[in-house]
Amino acid sequence: SSGGTDSGTPRKGGMARAVFPGAGAKETMDPHAQRQFVDIARHKAVFDKLVDLGGTLRPVPRLAQRWETRDDATVWRFHLRAATFHDGHVLDADDVLYSLARILDPKGIDRRARASLSGIDLKRSRAVGKQVVEIVLKRPNAELPTLLAMTGTAIVRRGYDDPSKPVGTGPFRFGSFAAGRSFAARRFDDHWDGAAHLDEIRILSAETEARANAVQAGEVEYAHEMTPTFARVVEANRNVRIVAAPRSGAEGIVMKTDRPPFDDPDAAMAIKLLADRERLVEVINGGRGVVGNDMYGKGYTYYPGNVPQRERDVAEARALLRKTGVLNKEVTFYTSSAADGFVDAAHLFARQAGEAGLRVKIVTGPPESYYTDQLKTGLLGSHRCGAMPIPTYISDRLLTDSQQNATAWRRADFDKEFAQAQSVSDERRRTARYGVLQQRIRDRGGLLIWGHPDWLNAVSARLRGVEAAPPNTVDWARFDKVWLA
Amino acid sequence: MLRHVVRRVSLAVVQLSLLAVLVFLLTSLLPGDAAEVQFNEQAGLDEVAHLRGQLGLDRPPAERFADWAGGLLSGDLGTSLVGGQPVSEIVASSITATVVLASVTAVLLVPLAMLLGLVMGLRAGGRLDRTITAVTLALNSIPDFVLALALVAVFSLRLGWLPSTWLGARGDDLPARPVLLVLPVVVLLTRTVCALSRQIRAGTVTALEAEYTVQARRLGVPRTRLVLRHVLPGAAVPGVQELARTGDQLLGGVLVVEAIFAIPGTATALIDAVQSRDVPTVQALTLLLAAVALAFNVAADLACQRLAPRSEVLR
Amino acid sequence: MIEVRGLTARAGASDLLRGVDLDVRAGGVTALVGPSGSGKTTTALALLGESAPGVELSGTVRVAGVRVVDERGVTREAAGLHGGTIAYLPQHPGSALNPARRTGAVIKELARLHGNSTVTEAVRRAQLPVDRSVLRRFPHQFSGGQRQRIALAQVLACGPRALILDEPSTGLDTVTRLGLIQELTALADDGMALLLLSHDHDLVRALADHVALLDGGRVTRQGPPQDVLPAVAAPAVRAARVSGEPARLRVRDLTAWLRPGGRGTVLDGISLSLSPGDCLAVAGPSGSGKTTLARCIAGLHERRRGHVLLDGTALPPLRRRDRTHKRRVQYVWQEVRGSFDERRPVLDQVARTAVRLRGTLPAEAAAEAAALLTRLGVSETTARRRPAALSGGELQRAAFARAVLARPDILVCDEITTALDDTATDLVLTHVARLRAEGTSILWIGHDLTLVRAVAGRIAVLDGGRVVEQGDLGDVLDAPESETTRLLIQAARPPRRSAT
Amino acid sequence: MTGRRLSPAALPAVMLLAVPVVAAVAGPFLAPAITPPDGAPYTIGGGHLLGTDRTGRDVLGLLLRGGPSALGVACCAVAFACLAGGLLGLAAATTRHRWIDEAMMRPVELILPIPSLLIISVVGVGWRGRPEAIAFAVAAINVPAVARLIRAAALDAAGGPVAEAMRFQGESRARILLGHVGRSVLPVAAADAGTRVPYAVFTVAAANFLGLGLDATSPDWGVTIAASREALLIQPWAVCAPAAMLVMFTVGLNLLADRLLGARERPRTTKAAGR
Ligand SMILES: Nc1ncnc2c1ncn2[C@@H]1O[C@H](COP(=O)(O)OP(=O)(O)OP(=O)(O)O)[C@@H](O)[C@H]1O
Ligand SMILES: Nc1ncnc2c1ncn2[C@@H]1O[C@H](COP(=O)(O)OP(=O)(O)OP(=O)(O)O)[C@@H](O)[C@H]1O
Ligand SMILES: [Mg+2]
Ligand SMILES: [Mg+2]
């Protein structure tokens, strides 16, 4: 069975175990260096952010009760709430400034949010009294609260330096951590958002099969990232239910727009018209998802929902292929098993493309460095992106200097328009301008988003209060609001 | 004998150092390096270059190897390129589970395989032989992940008798919860018992035909004793070799079992390290496994020399 | 004790035994004699309720009152008698010893098992020193004669009531043989039933009180030895010329050892020479190093120092010998059964020599081999079988033929007549003489001094790895200088049992 | 000896073996004719005799097309490993020079403990997606083990008087090696080879999973089993059908080998009382 929120009164006490895909020695307790979901979940238990993201990827207050910007989104003030660190220290503006400085430290190359927060002018930012921080930007940016809600932005205690002794304001007090294996934390009773229900939370790492077995056998209460097949397996199981968070990112195919044939938008359009999106969602996501419209972030804030859905049109695609001279040519599709379904989707698409006379040659690369390799190889590539605000997606992947510019989309005017849009303080106007940019990508870019899959987590019947929230949002992997029945 | 052992051990040291070079070369043949892999999804090319510089990966390979080797000589296994923790810690934390698992399996495997092998050999060509052969072979040809999933489905999910994973258990919990071992050991046993028992079967068939067995039987040695004391030593030769190989398989090749039962062992650690191109960890773990494998092989050779002493004067 | 009535054995169409009747009395020694291939070993095995592959038994065999063979073949009860009641010393005991087990361990195990004897007693009776170094060694660390005695010790350790000995004196020097005769007599006097299968008429005369002559699968004569056995006739001395030609093979200061680093010396400063057409006999107590010497010359033993020269040039170890060298120097094994491949017919194996070393075509080689074997008394049909279906003597001649087919210049024969009856020996000796006439030099290792007189021109006596005496055969044997030689000659003619 | 016919007792083994072999040989020709169009993932029925796999393909169609690579790659790999390893082991056992033995066996022992994944990765990266490369890598992993095993088994035969006698007859090393020593280690080698086939199949499948071989959508039996394992409980055919093929193949192969070797060896045993 699947479902979202539970009713019933929370019960206090008990220990819950949650298992995530592990990353071995790569796992870290440094909240600024986090990169895997399992890291983020752990850090969420121990730390808090100033701001977090809601269900539609819109910033929601956390340690910052509220914020405002005076002028053109260059100078921001964040008002802190009364929160206590696990060692009794009360959160103040200096802790925030210390955390920002740590994130922006040029020597800390593993700091996850360094690039996205590089617009902050640390020297001019300051504490305005104990409870207010003033953050000054180098350039106006209306998305600062969103940026502060991204991964790797936890607020640490002033002077924090040793990742093995994490002290945060989060709902759980750090107990123990073994990279690639386990983490344990106990309830922190003085949490500003009210104490958690559980006495203890354990966050463990394991491979797919072990997660599936463990949650079915009742050895863990929460298993993160399960496959659609697993969801079918436990459909009739009364002890396990699937909590599916809709629209948790996007899956697609990327085309390199800086070289033939996809430097010609018509050729790219042909590809987009070729894909049988329903079939892809049915097979790759086991039907658990919705079809995409070649724009990232369906259902998120800033998504232009009024754009008509793109439908499959093989005849038109064929015409475009002929026109651009790609018909019966071979294009390489560089994929790998870096993510579930990549290879399958590539093959499925190749068959669909074959129906219109496009020959797709699939090359499978090593998964460990796929995303980096893909930037250099292949005309087509597999693409997948978790939940993130739309502006972040654009700045990460669609600007000339974006690090993950998988479509090789480099247009100076696009960059400029995006920068302008970002600095617009008025939300409605900003939304409109983002919409235009999104549609431009949809019609002329190299992005084929065919689906928005559900995010599947398996939860034991004993565990209540689990929200169906996409990863990276505030209610995802949140163990302070769950309880054991 | 002592001279022989000393010679073999010094040879093993040479082999290990060659192996270190070889593994280093192999890992450097792998695509990408630690920096690239670490920033796979998140960073750009300049970040990668930066990290590469910080990890010292931009230095020539020979220099890096020399550094590592120098450290090794002073007993330092180096630091991981990924977590930054000492490699010795990674090794230490993964070895317990593996050693426990491997030794329990071995303790069960040897008598079981000997028993099956002898029974098959004694009844060679008979129905019992064919039945055991078919069963062990079939088990051997069912992939371990399927077998493990089926066992878990029956014994932990349906019947609830046994835990399905080691999740949350620590190395020191093991003595208190030996049930944790049951399913993994069963899977490992089915993996290994087939090959071993078939070798012993083959050896038994050969030894049973030997003149000396015939003579021992003529002199009235009862059947059990005949099998155990006269046939088995000769029959064990291929078995011992196979066992040496099984030994290193148990230590190094149990990846699937470790993944399915969430056992934090050396195979997982090694694969993790290979996948993240964490060369020092790969080196340390391979050397460790290699040292153990070599030790097994030396032991097997010595055992075989004792079991088939004729070969000693050969050269 | 043992009663055999109408025992037949057939292998396919051919009858190996056609109604053997035989009685073996407790407290006496019965001997079964007869030409090689007459069915002695087959009979002996039948007494145990055993037969070679492909051989069917019928008739009646009763051992200590228990039916071992009846009309339908071997009975179930037969197995119960093994060891404690009846024990068998096989003809080629070398391969009957478990290579993986220390001699002492097996003897002890058997002694415990049957509880009729002790390790010390068995070892002493088998003419072996009761010594830790003997008990702790592995079979391959002994000489052929020593292995023979170890197998005997195993058999004796069972303390059986009936004992079957198939050629027990094979490989034993005369002194040891004498000791063995005394021990076996003592055993018989204690009430044991002994069945002796042997070609060694001296031994039979010395031990047996009753002799059965087997011929063509039937007992043709029975009675006391002097009636059944032919009168003692020394084999004719053949072409005992000592050529004056310069030596072809020269061994100088040959020292050989067993363990790496020159430890465990077996040969110490041996010097010999052999001229074309010459025959040099090498004799000496068992374990004195004769086989090792032969293996050094053959190039099989590489832990050696000193010179082995063929026509003045050094002979390398076998693995570095070229085809000519291999052809010119040939070696006949002491324990022949082990040197034949179980899986191929004997004839094929024999013929390969001519194919490989002389370039003869396979068909011609087979014909040549068959002809040679026939001349040696082994029929072609017999030779077409696999080794397991050949008698000991047949195999021994096949091994001889295998070496001779190379037309060697030097032939090293390591006790090659031990399993042969007089007729077969005669055939072999005739052939040896022929080879000598053609210029082949022979190195003849043997314990049987009468035989040595017949073949050799010169003799070297080895003891403890040294040549204690060397010279013209007549001179040495008639006027021995060394104690070793004297003892060997003295022991050569054992006193006859019937005379005592 | 010559003209030995297969005894009727070998019939079950032959039948077991025949199913997968026929499927592998004839399957690819049959498959297009009888494969229905793709359906939903992991369904049973709906025109699919054995249901569908995770991408909705007909399992029977996969089964028919997956034989050549599964058996081909694995068998070639094992055959190569046994040949190379066997020859190496034989040569090492039969050489009269200790140093040659050492020179052959030490390097072999050197690769023995290298994790197979490392070797496969390196080979797979060099010749990406080529089945022969994977076969080679799998073979390379197996060579050391086979070599050691054969060497140990051959030492006795090679040191015995039979080998010496053959050498005296001027037989070539190859003939001694193959004709005598090789034949006497044959039972051991056969027992070993049989167990290696499934191992090789699954190594190939594992390599495919790492993105180093045929890819995860190939119809290869090993790949299909590995890729469908999750659905064992909802679509067992996707796992069981190809697994059954492999089981039949290995069991049949081994039983047949036992039969053939047994038939040759048995007459040697002396018939003894009480057996
Ligand atoms: N591997 C070994 N280890 C220890 N001693 C050995 C080994 N091989 C042979 N010997 C000993 O070396 C000595 C010489 O053996 P060799 O075979 O040359 O004797 P031999 O004169 O041929 O005896 P026999 O007449 O019994 O055949 C014997 O005392 C034997 O015990
Ligand atoms: N399986 C068999 N098939 C056919 N003939 C056989 C078989 N086994 C043995 N023979 C023959 O039976 C005959 C008797 O063999 P046996 O071993 O009893 O002889 P033996 O008297 O002991 O001779 P030796 O003194 O040479 O040892 C031999 O000619 C032998 O070739
Ligand atoms: Mg005989
Ligand atoms: Mg000798």
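The model shown is predicted, which means the values in this text are computed figures rather than measured ones.

(A) Looking closely at the environment of Phe136(D). Along the chain, Phe136(D) turns up in helix α6 (residues 131–159). Distance in space between the C-alpha atoms of Phe136(D) and Pro37(D) is 35 Å, their sequence separation being 99 residues.

(B) A look at the site of ligand 2. All names here are of chain C. Taken together, 21 residues surround ligand 2, and among them Ser36, Thr41, Thr42, Arg385 and Gly393 come closest. At 2.8 Å, a backbone N or O of Gly37 approaches an oxygen atom of ligand 2. In the environment of ligand 2, an oxygen atom lies 2.6 Å from a nitrogen or oxygen atom belonging to the backbone of Gly393. In the complex, the protein chains occlude 91% of the 640 Å² of accessible area that ligand 2 would expose alone. Class assignment of the residues belonging to the shell around ligand 2 gives a composition of 6 nonpolar, 12 polar and 3 charged. The two domains that each donate at least three residues to the shell around ligand 2 are domain 1 (2–228) and domain 2 (249–490).

(C) Looking closely at the domain arrangement of chain B. Residues and elements named next belong to chain B. Structurally, chain B comprises domain 1 (2–73) and domain 2 (87–314). Centre-to-centre, using C-alpha coordinates, domain 1 lies 31 Å away from domain 2. The interface is formed by 20 residues belonging to domain 1 together with 17 residues belonging to domain 2. Summing both partners gives a buried area of about 1,600 Å² for domain 1 against domain 2, and 73% of it is carried by carbon and sulfur. When the area that domain 1 buries against domain 2 is broken down by residue, the three leading residues are Arg8, Leu16 and Trp68, summing to 31%. Here domain 1 is connected to domain 2 by 0 salt bridges. Linking domain 1 with domain 2 are 0 residue pairs in polar contact (both at pLDDT 80 or more), by the criterion used here. Of all the secondary structure elements, the ones that give two or more residues to the side of domain 1 that touches domain 2 are α1 (2–29), α2 (34–38) and α4 (61–73). Here the residues of the side of domain 1 that touches domain 2 are counted per class, giving 14 nonpolar, 4 polar and 2 charged.

(D) Expanded view of the sheet that holds strand β14 (residues 289–291) of chain A. All names here are of chain A. Taken together, 6 strands build an open sheet; the order of strands is β14-β18-β13-β17-β15-β16 and the sheet is mixed. The open sheet has two free edges, formed respectively by β14 and β16 (359–365), since each of these has just one partner strand. Neighbour-to-neighbour, the strand axes of this sheet turn through a mean angle of 25°, independent of strand direction. Sheet analysis places strand β13 (residues 250–255) next to strand β17 (residues 380–385), joined by 6 bridges and oriented antiparallel.

(E) Summary view of the UniProt feature "transmembrane region" (unreviewed entry) in chain B. Residues and elements named next belong to chain B. On the UniProt side, "transmembrane region" (unreviewed entry) is annotated at positions that read residues 90–119, 131–155, 175–194, 250–271 and 283–304 here. Split by type, residues 131–155 is 92% helix and 0% strand. Its first and last C-alpha atoms lie 25 Å apart. The distance separating the terminal C-alpha atoms of residues 283–304 is 30 Å; by composition the span is 100% helix and 0% strand.

(F) Layout of the confidence of the model for chain B. Confidence in the prediction of chain B, expressed as mean pLDDT, is 79, and 90% of residues score 70 or more. Predicted confidence for residues 311–315 of chain B stays below pLDDT 50, and this span has 16 contacts to residues more than four positions away or in other chains.

(G) Here's a closer look at the coordination of the magnesium ion (ligand 3). All names here are of chain C. Bound to the magnesium ion (ligand 3) are the protein donor atoms Thr41 (OG1) and Gln91 (OE1), situated 1.9 to 2.2 Å from the metal. Pair noted here: Thr41 is in helix α1 (residues 40–47) and Gln91 is in the loop between β7 (86–89) and α3 (103–114), with a separation of 50 residues, a long-range link. Residue classification places Thr41 among the partly exposed residues on the basis of a relative accessible area of 24%.

(H) Broad picture of the coordination of the magnesium ion (ligand 4). All names here are of chain C. The coordination sphere of the magnesium ion (ligand 4) contains the protein donors Thr291 (OG1) and Gln334 (OE1), at a distance range of 1.8 to 2.2 Å. One end of the pair, Thr291, is in helix α10 (residues 290–298); the other, Gln334, is in the loop between β17 (329–332) and α12 (346–358), and 43 residues separate them in sequence. Gln334 gets classed as buried once you look at its relative accessible area, which sits at 15%.

(I) Focus on the packing of helix α5 (residues 87–122) of chain B against helix α13 (residues 279–307) of chain B. Residues and elements named next belong to chain B. Remark: α5 packs on α13, axes separated minimally by 9 Å, with the N-to-C direction vectors making an angle of 45°. When the axis of α5 is compared with that of α13, the two are oblique. Considering how the two elements wind past one another, α5 and α13 form a crossing that is right-handed. Along its contact with α5, which presents Val87, Ile90, Val91, Ser94 and Ile95, the element α13 presents Pro280, Thr281, Ala284, Leu285 and Leu288. Per-class residue counts for the contact of α5 with α13 are 8 nonpolar, 2 polar and no charged.

(J) Just the interface of chain D and chain B, in detail. On the side of chain B, 63 residues touch chain D, which itself brings 61 residues to the contact. Of the roughly 5,500 Å² buried between chain D and chain B, counting both surfaces, carbon and sulfur atoms make up 65%. Linking chain D to chain B there are 3 residue pairs in polar contact (both at pLDDT 80 or more). Among the elements that line the side of chain D that touches chain B, the one with the most residues is helix α10 (residues 236–265) of chain D, at 10 residues. Class assignment of the residues belonging to the side of chain D that touches chain B gives a composition of 34 nonpolar, 9 polar and 18 charged.

(K) Summary view of empty space enclosed by the protein. Residue and element names in this part refer to chain A. Scanning the entire structure with this criterion turns up 17 cavities of 30 Å³ or more. Of the voids in this model, the second largest cavity is the one considered here, and its volume is about 250 Å³. With 5 residues, the single largest contributor to the lining of the second largest cavity is helix α1 (residues 37–46).

(L) Region of the structure containing the pairing of strand β8 (residues 162–166) of chain C. Residues and elements named next belong to chain C. Counting buried positions along β8 gives 5 out of 5 residues, so the element sits mostly inside the fold. The side-chain alternation of β8 yields two buried faces, one formed by Ala162, Ile164 and Asp166 and the other by Leu163 and Leu165. Here 4 bridges tie β7 to β8, and the two strands are oriented parallel to one another. If you follow Ile86 over to β8, its bridge partner there is Ala162. Pairing of β8 with strand β9 (residues 193–197), which is carried by 5 bridges, proceeds in the parallel orientation. Paired with Ile164 across the bridge in β9 is Leu195. Following the backbone out of β8, through helix α7 (residues 174–189) and into the adjacent parallel β9, one traces a crossover that is right-handed.

(M) Spotlight on the interface of chain C and chain B. Contacts between the two partners involve 28 residues from chain C, matched on the other side by 20 residues from chain B. In total, chain C and chain B occlude about 2,200 Å² of area from one another, counting both sides; carbon and sulfur atoms represent 56% of this. Connecting chain C to chain B are 2 salt bridges. Here Arg218(B) makes a salt bridge to Glu50(C), at a shortest N to O gap of 3.0 Å. In this structure, the connection of chain C to chain B is made through 9 residue pairs in polar contact (both at pLDDT 80 or more). Every element with two or more residues in the side of chain C that touches chain B is listed here: β7, α3 and α6 (144–157) of chain C. Here the element with the most residues in the side of chain C that touches chain B is α3(C); it accounts for 5 residues. Grouping the amino acids of the side of chain C that touches chain B by side-chain chemistry returns 16 nonpolar, 7 polar and 5 charged.

How each quantity is defined
Residues numbered from 1 in each chain as written. Chains lettered and ligands numbered in written order. Predicted model: local features only at pLDDT ≥ 70, side-chain atom pairs only at ≥ 80, totals over all residues. Heavy atoms only, no water. Helix = DSSP H or I, 4+ residues; strand = E, 2+ residues; numbered from the N terminus. Near = heavy atom within 4 Å. Polar contact = N/O pair within 3.5 Å; in protein donor to acceptor, adjacent residues only side chain to side chain. Areas by Shrake-Rupley, 256 points an atom, 1.4 Å probe, with all protein chains shown as cover. Nonpolar A, V, L, I, M, F, W, Y, C, P; charged D, E, K, R; others polar. Domains from an automatic or database assignment. Contact = heavy atoms within 4.5 Å. Buried area = accessible area lost by both parts, 1.4 Å probe. Salt bridge = Lys/Arg side-chain N within 4 Å of Asp/Glu carboxyl O. Pairing = 2+ DSSP bridges. Axes fitted to C-alpha atoms, helices over the stretch in contact; angles between N-to-C directions. UniProt positions renumbered as here; feature names shortened; annotations may be inferred. pLDDT = per-residue confidence, 0-100. Donors = N, O, S within 2.8 Å, 3.2 Å for Na, K, Ca; no water. Buried < 20%, exposed > 50% of the residue type's maximum accessible area, 1.4 Å probe, protein only. Parallel < 35°, antiparallel > 145°, perpendicular 65-115°, else oblique. Left-handed = near helix turned anticlockwise from the far one by under 90°. 1 Å grid on protein atoms, 1.4 Å probe; cavity = no way out; pocket = protein on both sides within 12 Å on 5 of 7 lines; lining within 4 Å. Points joined across faces, edges and corners; volume = space filled by probe spheres on them. Right-handed = clockwise from strand over helix to strand, strands pointing away.

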